[in-house]
Amino acid sequence: MRVDVITLFPEFVDGCARVGVVGRAQERGLISVTSWNPREFATDNYHTVDGRPYGGGPGMLMLIGPLRDTIAAAKAAAEAPAKVIYLSPQGARLTQRKVQELSVLPRLVLLCGRYEGVDERLLDHEVDEELSIGDYVLSGGELAAAVLIDAIGRLQEGALNDAQSAAQDSFSEGLLDCPHYTRPEQHELGTLPAVLISGDHAAIKRWRLKQSLGRTWLRRPDLLARMQLDKSARALLEE
Ligand code: 6GU
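Residues numbered from 1 in each chain as written. Predicted model: local features only at pLDDT ≥ 70, side-chain atom pairs only at ≥ 80, totals over all residues.

**Student:** Help me get a handle on the overall build of the protein, residues and values and all.
**Tutor:** A count of helical and extended segments in the protein gives nine helices and seven strands. For the protein, buried positions account for 24% of its 239 residues. Counting only contacts in the protein whose residues sit at least 6 apart along the sequence, the fraction spanning at least 24 positions is 76%. (Helix = DSSP H or I, 4+ residues; strand = E, 2+ residues; numbered from the N terminus. Buried ≥ 20, exposed ≤ 12 C-beta atoms within 10 Å, placed from the backbone. Contact = placed C-beta atoms within 7 Å.)

Quick look at the structure:
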């Protein structure tokens, strides 16, 4: 998959795409992240990329011209059709389901807003989808783009090692993850749940599902309410 990021601060995005799971996915050729700076597409001597809002009000908006030329250049850099996503607090909330949907596309162009936002006419004509990563305000879309790239990158076939299989993710089943334990078996901070050293794989699986359901029920009942539980999960909840 190819991801082109349009941002006034490329170093935000480049840094996180070089390290960790996404960095390794880039090295393996599973994903490539390229950033584009609209300032380089500004046509005046000052490389202006922002303007004051008509009607007044605080702050500045990103101008149509440089952004439009940057999007065009990014799109022209490869043949596969691109979905253009604008990251902003006004967007639909990003979910794991959306991440899965986007992760199978050949190309994304991510547009990061700065200042008070972007001229609405550019959004109307150039953007396919608007996404937010949560109900709080960041000073730009870059961190949100980094979040999206990380979530999508780790789902690329071959990005994760076996042990970290994406199928085991919290949320891939719509539930929170169960607790995990490692060495030592005995520790002053506590003992292990006995089932984990029982060798009974069916019992372990059942315990984990039960923990996941319990945590989700306690911490995120909103997730359960929206969910289609399978028969075994529903039976556990009703026990
Ligand atoms: Cl995508 N952008 C900004 N600026 N703030 C946010 C956000 C995005 N998602 C949550 N807050």
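**Student:** Give me the nonpolar core: which residues, what numbers.
**Tutor:** A general trend in soluble globular proteins is that nonpolar side chains are found buried together. By size, the foremost hydrophobic cluster in this structure holds 40 residues, and its most contacted members are Ile6, Leu110 and Ala145. The leading source of residues in this core is helix α6 (residues 142-153), at seven residues. For Ala145, the residues in contact, after removing those within four places along its chain, are Val5, Val13, Leu87, Leu110 and Cys112. (Core = buried A, V, L, I, M, F, W, Y, C linked by C-beta atoms within 7 Å.)

**Student:** Which residues make up the packing of helix α1 (residues 10-18) against α6, and what values go with them?
**Tutor:** Packing of α1 against α6 brings their axes to within 9 Å, and their N-to-C directions diverge by 25°. With respect to α6, the element α1 is oriented roughly parallel. For the element pair α1 and α6, the recorded crossing hand is right-handed. For the pair α1 and α6, the contacting residues are Phe12, Val13, Cys16 and Ala17 in the first and Glu142, Leu143, Ala145, Ala146, Ile149 and Asp150 in the second. Per-class residue counts for the contact of α1 with α6 are eight nonpolar, no polar and two charged. (Axes fitted to C-alpha atoms, helices over the stretch in contact; angles between N-to-C directions. Parallel < 35°, antiparallel > 145°, perpendicular 65-115°, else oblique. Left-handed = near helix turned anticlockwise from the far one by under 90°. Nonpolar A, V, L, I, M, F, W, Y, C, P; charged D, E, K, R; others polar.)

**Student:** Account for the site of the ligand, naming residues and giving values.
**Tutor:** Close to the ligand lie 13 residues; Leu87, Ser132, Ile133, Leu138 and Ala144 are nearest. Of the residues forming the shell around the ligand, the biggest block, four residues, is contributed by strand β5 (residues 83-93). Residue composition of the shell around the ligand, by class: seven nonpolar, six polar and no charged. (Near = placed C-beta within 6 Å.)

**Student:** Talk me through the environment of Ser32; I want residue IDs and the actual numbers.
**Tutor:** By the secondary structure assignment, Ser32 is in strand β2 (residues 32-36). A count of 14 C-beta atoms within 10 Å places Ser32 in the partly exposed class. In this structure the C-alpha to C-alpha distance between Ser32 and Ala92, which are 60 residues apart in sequence, comes to 25 Å. Non-local contacts of Ser32, meaning those with residues more than four positions away in its chain, are made with Arg2 and Gln26.

**Student:** An account of the UniProt feature "binding site: S-adenosyl-L-methionine" (unreviewed entry) in the protein is requested, with residue identities and associated values reported.
**Tutor:** Taking the UniProt record as the reference, the feature "binding site: S-adenosyl-L-methionine" (unreviewed entry) is found at Gly113, Ile133, Gly134, Asp135, Tyr136, Val137 and Leu138. Note on placement: Gly113 falls in the loop between β6 (107-112) and α5 (120-126). With 7 C-beta atoms packed within 10 Å, Asp135 lands in the exposed category. (UniProt positions renumbered as here; feature names shortened; annotations may be inferred.)

**Student:** Outline the domain arrangement of the protein, supporting the account with residue identities and numerical values.
**Tutor:** When the parts come together, some accessible area is lost, and that loss is often what is quoted as the size of the interface. The domain architecture assigned to the protein consists of domain 1 (2-153) and domain 2 (170-237). Measuring from the centre of the C-alpha atoms in domain 1 to the corresponding centre in domain 2 gives 37 Å. (Domains from an automatic or database assignment.)

**Student:** So what's going on with the sheet that holds strand β1 (residues 2-6)? Which residues, and what values?
**Tutor:** Paired through their backbone hydrogen bonds, the strands of a sheet run either parallel or antiparallel. In space, the five strands of this open sheet follow the order β2-β1-β6-β5-β7, with parallel pairing throughout. The strands lining the two open edges of the sheet, one partner per strand, are β2 and β7 (129-132). Strand-to-strand twist of the sheet, defined as the mean angle between neighbouring strand axes without regard to direction, takes the value 30°. Pairing analysis gives five bridges linking β1 to β2, with the strands arranged parallel. Looking at the pairing, Asp4 lines up with Thr34 of β2. Against the sheet, α1 touches β1 and β2, its axis set at about 170° to β2. (Pairing = 2+ DSSP bridges.)

**Student:** Tell me about the packing of helix α2 (residues 20-27) against α6, and please be specific about residues and values.
**Tutor:** One way to put it is that α2 packs onto α6 with a least axis distance of 9 Å and a crossing angle of 60°. For the pair α2 and α6, the crossing hand works out as left-handed. Of the residues in α6, those touching α2 at Val21, Val22 and Ala25 are Ile149, Asp150 and Gly153. Within the contact of α2 with α6, the residues separate by chemical class into four nonpolar, one polar and one charged.

**Student:** Explain unusual backbone geometry residue by residue, including any values.
**Tutor:** In this structure, the amide linkage connecting Arg183 to the following residue, Pro184, adopts the cis form with an omega of -5°. Tracing the backbone through its elements, the reader meets Pro184 in the loop between α6 and α7 (201-219). Phi angles above zero are rare outside glycine, and His47 is one such case at about 55°. Within the secondary structure, His47 sits in the loop between β2 and β3 (50-51).

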